[in-house]
Amino acid sequence: MSRVTISDLAKWKTAGQKWAMLTSYDQISAEIIDEAGIPVILVGDSAGNNFYGYENTIPVSLNEMISSTRAVVESSKHALVVADFPFGSYESSPEQALETGVRFFKEAKPQAVKLEGGAKVIPQIKKLIAAGIPVMGHLGLTPQSVHALGGFKVQGRGDSGISIKEDAKALEAAGVFALVLELVPAELANEISKELSIPVIGIGAGIGCDAQVLVWTDLVGLTKEPPKLAKAYRNLRSEIKGAISEWVLDVENSKFPDAEQTFH
Ligand code: KIV
């Protein structure tokens with residue numbers, strides 16, 4: 001089966017067909033997510049606080065993102081894979097952004113990249129697109145700017161919604177194929193989704209978006225302290241702890257290995 005393409009996403013927007021994007025940072029989760037039929041996998045820099053053990057996304061390095069992206073691409077067959085540009089890998093200049101995009105495309109082979117920000121990163125976006133690298137935008141709560149934004153709080157309430165809408169239109173005009181809107185009022189996200197011709201992917205942005213994205217560890221209940229915008233559909237953290245405790249008891253009581261795991 002061939003991979004989902006950015007043209008498929010454009011068709012789904014026209015048809016009003018909603019879809020889901022999920023993060024992944026490693027082989028096993030990518031295999032499972034791809035087998036589950038998720039059309040777009042984001043190798044998010046949320047790898048920082050969900051995989052690499054950092055406090056937030058800011059310390060994640062380009063090499064770490066390339067390594068995670070390679071694992072996800074190699075372990076999926078159907079999904080469109082989008083690689084997130086980490087903090088510090090594109091802000092300086094369009095040339096720096098292109099270098100980062102080229103490294104991702106040569107070393108990890110995703111089908112698209114994502115970067116955070118509005119008008120100020122448009123030269124970077126144009127340079128990438130001109131080189132044949134499809135770009136997904138990201139507005140609202142942009143976690144790489146969490147300190148400048150004063151914490152993880154809703155963006156775009158009241159008049160500040162106007163600048164988010166202007167940025168969204170500027171990103172669309174620059175050629176992004178899709179846009180993530182994070183932690184913005186549902187009414188604003190709904191308006192932007194209706195006014196743009198590209199798919200708008202919401203996270204903490206209400207029901208009116210064309211698509212939704214979640215961090216996969218939040219979705220399955222692996223995250224210790226999940227954010228309010230996420231919903232856990234299972235509690236895998238406690239399932240896994242249960243399996244480990246059972247095995248430890250079996251080891252302590254000489255019940256593991258049994259005949260099936262024993263060789264003669
Ligand atoms: O890094 C990430 O997981 C993201 C999503 C929350 C959109 O950027």
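Look up a bit, the structure's there.
Cut-offs used in this document
- Sequence order as written defines the numbering, with residues in each chain counted from 1.
- Local features in this predicted model are restricted to residues of pLDDT 70 or higher, and side-chain atom pairs are both shown and tallied only at a pLDDT of 80 or more, whereas totals for entire chains, interfaces and linings draw on every residue.
- Computation of side-chain values: all heavy atoms of the structure, hydrogens and water removed.
- Numbering of helices and strands runs from the N terminus, with a helix taken as a DSSP run of H or I at least four residues long and a strand as a DSSP run of E at least two residues long.
- When accessible area is computed with a 1.4 Å probe and restricted to protein chains, residues below 20% of their type maximum are described as buried, those above 50% as exposed, and intermediate ones as partly exposed.
- The contact criterion used is simple: two residues touch if any of their non-hydrogen atoms lie within 4.5 Å.
- Two strands make a pair as long as DSSP finds a minimum of two bridges between them.
- Working convention: axes come from line fits to C-alpha atoms, limited for helices to the stretch in contact. Angles between N-to-C directions cover 0 to 180 degrees.
- By definition, a salt bridge exists where a carboxyl oxygen of Asp or Glu is found within 4 Å of a side-chain nitrogen of Lys or Arg.
- Under the convention used throughout, the expected extent of a helix is 1.5 Å for every residue step, that is, one less than its residue count.

Asks: Explanation requested: the environment of Gly 202 in the structure shown.
Replies: If you trace the backbone, Gly 202 turns up in strand β7 (residues 200-203). Taking the relative accessible area as the measure of exposure, Gly 202 reaches 0% and is therefore buried. Distance in space between the C-alpha atoms of Gly 202 and Ser 145 is 18 Å, their sequence separation being 57 residues. The residues touching Gly 202, leaving out its near neighbours within four places in the chain, are Leu 181, Cys 209, Ala 211, Gln 212 and Val 213.

Asks: What exactly am I supposed to notice about the environment of Ile 203 here?
Replies: Take Ile 203: it is sitting in strand β7. Taking the relative accessible area as the measure of exposure, Ile 203 reaches 8% and is therefore buried. Not counting chain neighbours up to four residues away, the residues in contact with Ile 203 comprise Val 180, Leu 181, Glu 182, Leu 183, Gln 212, Val 213, Leu 214 and Leu 229.

Asks: Before we go on, may I ask you to explain the sheet that holds strand β3 (residues 80-84) in this structure?
Replies: Strands belonging to one sheet form pairs held by backbone hydrogen bonds; the direction of such a pair is parallel or antiparallel. In space, the eight strands of this closed barrel follow the order β1-β2-β3-β4-β5-β6-β7-β8, with parallel pairing throughout. When the angles between neighbouring strand axes are averaged without regard to direction, this sheet yields 25°. Note that strand β4 (residues 112-114) and strand β5 (residues 135-140) share two bridges and pair parallel. The residue bridging Lys 114 from the neighbouring strand is Met 136, located in β5.

Asks: So what exactly am I meant to see when it comes to the pattern of salt bridges here?
Replies: Throughout the structure, instances matching the rule amount to seven salt bridges. Residue Asp 210 is joined to Lys 13 by a salt bridge in which the shortest nitrogen-to-oxygen separation is 2.7 Å. Here Lys 13 lies in helix α1 (residues 6-15) and Asp 210 lies in the loop between β7 and β8 (211-214), a separation of 197 residues in the sequence. Looking at Asp 210, the relative accessible area reads 16%, which means it is buried. On the basis of relative accessible area, Lys 13 is assigned to the buried category, the value being 15%. The closest approach of N and O atoms between Glu 107 and Arg 103, which form a salt bridge, is 2.8 Å. In this pair, Glu 107 and Arg 103 both sit in helix α5 (residues 94-107), four residues apart, roughly one turn of the helix. Judged by relative accessible area, Glu 107 falls into the partly exposed class, the value being 31%.

Asks: It is not clear to me how helix α8 (residues 160-174) should be interpreted in this structure. Could you clarify?
Replies: Along an α-helix, residues three or four apart share an orientation, since each turn contains 3.6 residues. With 15 residues, α8 extends 21 Å between its outermost C-alpha atoms, agreeing within 8% with the 21 Å of an ideal straight helix rising 1.5 Å per residue. Every buried residue of α8 is accounted for by Gly 161, Ile 164, Lys 165, Ala 168, Leu 171 and Ala 174. On its buried side, α8 packs onto α6 (122-130), β5, β6 (178-182) and α9 (186-195). Following α8 by one or two positions, Gly 175 adopts a phi angle in the positive range, close to 110°.

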